[in-house]
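Tertiary structure, described
Listed below are the residues making up each chain.
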Amino acid sequence: SFPVHPSPSQSLPFPSQSVPVQSTAAQELQSLRLLQERPRVLHLQLHRPGKRNALDLRCWRELVQVFRDIAQDPECRAVVVSGAGAAFTAGIDLAELGSLLAALPAQDAARRAWALRRHIREFQESFSAMERVGTDPQTPKPAWGPLKSGVDLISACDIRFCSQDAYFQVKEVDMGLAADVGTLQRLPKIVGSQSLVNELAFTARIMRAPEALSCGLVSRVLPDKAALLEVALEVAEAIAARSPVAVQGTKVNLLYSRDRPVSEGLQHVATWNMAMLQTEDIPKSVQAALDKKGPEDVPFAKL
Ligand SMILES: CC/C=C\C=C\CC(=O)SCCNC(=O)CCNC(=O)[C@H](O)C(C)(C)COP(=O)(O)OP(=O)(O)OC[C@H]1O[C@@H](n2cnc3c(N)ncnc32)[C@H](O)[C@@H]1OP(=O)(O)O
């Protein structure tokens, strides 16, 4: 687990329990901050507020690393993701993108293409690592995004809340490219309207919080950032209090079923539960219910 100590000061509306994670890896983070917010709940903050949390190369790499590290911590059962300052993220760091394109091998189109493909796959992995959280023993917990923007990133989160002034934009078409780090693959499955996704992705139209709520991109809209973080942490705490066998099994099967026919999903959950129904968490939960206690009163073992 991550040793922690109280934070001397925070410029943002963190709840009072918020303390920086003190592992060596967490302390070395530069574009991200990792905070221990509540028992079993971590808060990952995109942390380049002066650049509207634009995702620089360090940030893309740190995202992968941080989720690998969190995966090794059995004390953590939920991660809240947010942005420092006024924005969630302004997307890829455009200055660095320019340098990256300029530095491609000059001699041959195939070699430039190969180098670009490697970069794109690395960028994709940053968000896929987040999406996979909770689905195998290396990545064991759900993630949330309270947010202001960053459609690629939030599409890989399990739950999305936003503040009333939030807006969302699939901006890539305005940059002259097809979105390539997850929006086109994940967004249609989230909002359930291919027409709406097409409209947003073809035109880069800005979508504001009420529409994001009505189309299902977010499940709650809060009045401001402080309320947003508070509610996100409460939900994270509620999930973290429940059986990790149940929560992680639920996530594994939801993700599996998202991409397959119902019949295959049913087969998968039968196979999954023929092992997992043997958990001690079931009799513990049943006894708690009979004793008129809630899951938060049950000391579920780490997974
Ligand atoms: C291989 C490809 C993989 C991934 C591809 C992803 C594609 C994308 O991400 S497309 C989206 C690209 N992003 C954008 O087009 C957003 C650009 N930024 C803005 O439109 C605005 O900054 C804003 C987000 C609407 C915020 O506006 P405002 O609040 O007025 O702040 P600014 O004064 O504009 O910016 C403050 C500061 O931040 C710097 N900055 C903002 N966005 C980026 C960015 N994407 N990359 C790098 N830097 C950014 C801006 O330059 C300012 O810096 P100063 O040093 O203060 O000048």
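Values in this document were obtained by computation on a predicted structure and should not be read as measured data. (Residues numbered from 1 in each chain as written. Predicted model: local features only at pLDDT ≥ 70, side-chain atom pairs only at ≥ 80, totals over all residues.)

1. Concerning the overall build of the chain
In terms of regular secondary structure, the chain is built from 13 helices and 9 strands. Taken across its 303 residues, the chain has 38% of its residues classed as buried. Counting only contacts in the chain whose residues sit at least 6 apart along the sequence, the fraction spanning at least 24 positions is 64%. (Helix = DSSP H or I, 4+ residues; strand = E, 2+ residues; numbered from the N terminus. Buried ≥ 20, exposed ≤ 12 C-beta atoms within 10 Å, placed from the backbone. Contact = placed C-beta atoms within 7 Å.)

2. Observations concerning the packing of helix 7 (residues 183-191) against helix 8 (residues 194-203)
Between helix 7 and helix 8, whose axes approach to 8 Å, the crossing angle comes to 140°. For the element pair helix 7 / helix 8, the angle class is oblique. Of the two possible hands of crossing, helix 7 and helix 8 adopt the one that is right-handed. In contact with Thr183, Leu184, Leu187, Pro188 and Val191 of helix 7, helix 8 contributes Gln194, Leu196, Val197 and Ala201. The residue makeup of the contact of helix 7 with helix 8, split by class, is 7 nonpolar, 2 polar and no charged. (Axes fitted to C-alpha atoms, helices over the stretch in contact; angles between N-to-C directions. Parallel < 35°, antiparallel > 145°, perpendicular 65-115°, else oblique. Left-handed = near helix turned anticlockwise from the far one by under 90°. Nonpolar A, V, L, I, M, F, W, Y, C, P; charged D, E, K, R; others polar.)

3. Brief notes about the domain arrangement of the chain
Interfaces are frequently sized by the accessible area removed from exposure as the parts join. Considered domain by domain, the chain is made up of domain 1 (19-241) and domain 2 (245-297). Its C-alpha centre places domain 1 at a distance of 27 Å from the equivalent point of domain 2. Taken residue by residue, the interface counts 8 residues in domain 1 and 8 residues in domain 2. For the side of domain 1 that touches domain 2, the per-class residue count stands at 4 nonpolar, 2 polar and 2 charged. (Domains from an automatic or database assignment.)

4. Some details on the pairing of strand 6 (residues 159-163)
Summarising burial for strand 6: 4 of the 5 residues are buried, a large majority. The pairing of strand 6 with strand 9 (residues 220-222) spans 3 bridges and is parallel. Considered in strand 9, the bridge of Ser163 is made with Leu222. (Pairing = 2+ DSSP bridges.)

5. What about the site of the ligand?
Every one of the 18 residues lining the ligand counts as a neighbour, but Ala54, Ala90, Gly91, Ile92 and Lys171 are closest to it. For the shell around the ligand, the elements supplying multiple residues, two or more each, are helix 3 (94-102), helix 4 (109-132) and helix 6 (172-175). The element best represented in the shell around the ligand is helix 4, accounting for 3 residues. Residue classes in the shell around the ligand are distributed as 10 nonpolar, 2 polar and 6 charged. (Near = placed C-beta within 6 Å.)

6. Topic: the environment of Ala86
Relative to the assigned elements, Ala86 resides in the loop between strand 4 (78-83) and helix 3. Assessed through the 11 C-beta atoms surrounding it within 10 Å, Ala86 is described here as exposed. In the structure, Ala86 is positioned 33 residues away from Asn53 in sequence and 9.2 Å away in space, judged by C-alpha atoms.

7. Some remarks on the nonpolar core
In this structure, Leu34, Leu42, Val79 and Ala236 are the most contacted members of the largest nonpolar core, which totals 64 residues. The dominant element in this core, judged by the number of residues it contributes, is helix 10 (residues 225-240), at 8 residues. (Core = buried A, V, L, I, M, F, W, Y, C linked by C-beta atoms within 7 Å.)

8. Comments concerning the pairing of strand 2 (residues 32-38)
Where burial is concerned, most of strand 2 is hidden: 6 out of the 7 residues are buried. In terms of strand pairing, strand 1 (residues 19-20) meets strand 2 through 2 bridges, oriented antiparallel. Among the inter-strand pairings, Pro20 is bridged to a residue of strand 2, identified as Leu35. Sheet topology places strand 2 next to strand 3 (residues 41-46); 6 bridges connect them, and they run antiparallel. Residue pairing for strand 3: Leu34 is matched across the bridge by Leu44. Connecting strand 2 to the next strand, strand 3, in antiparallel fashion are 2 residues, including Arg40 with a positive phi near 70°.

9. Thoughts on unusual backbone geometry
The backbone phi angle of Ala204 is positive, close to 60°, even though this residue is not glycine. Tracing the backbone shows Ala204 in the loop between helix 8 and strand 8 (207-208). Even without being glycine, Lys292 reaches a positive phi, approximately 60°. Examined against the element boundaries, Lys292 turns out to sit in the segment after helix 13 (281-290).

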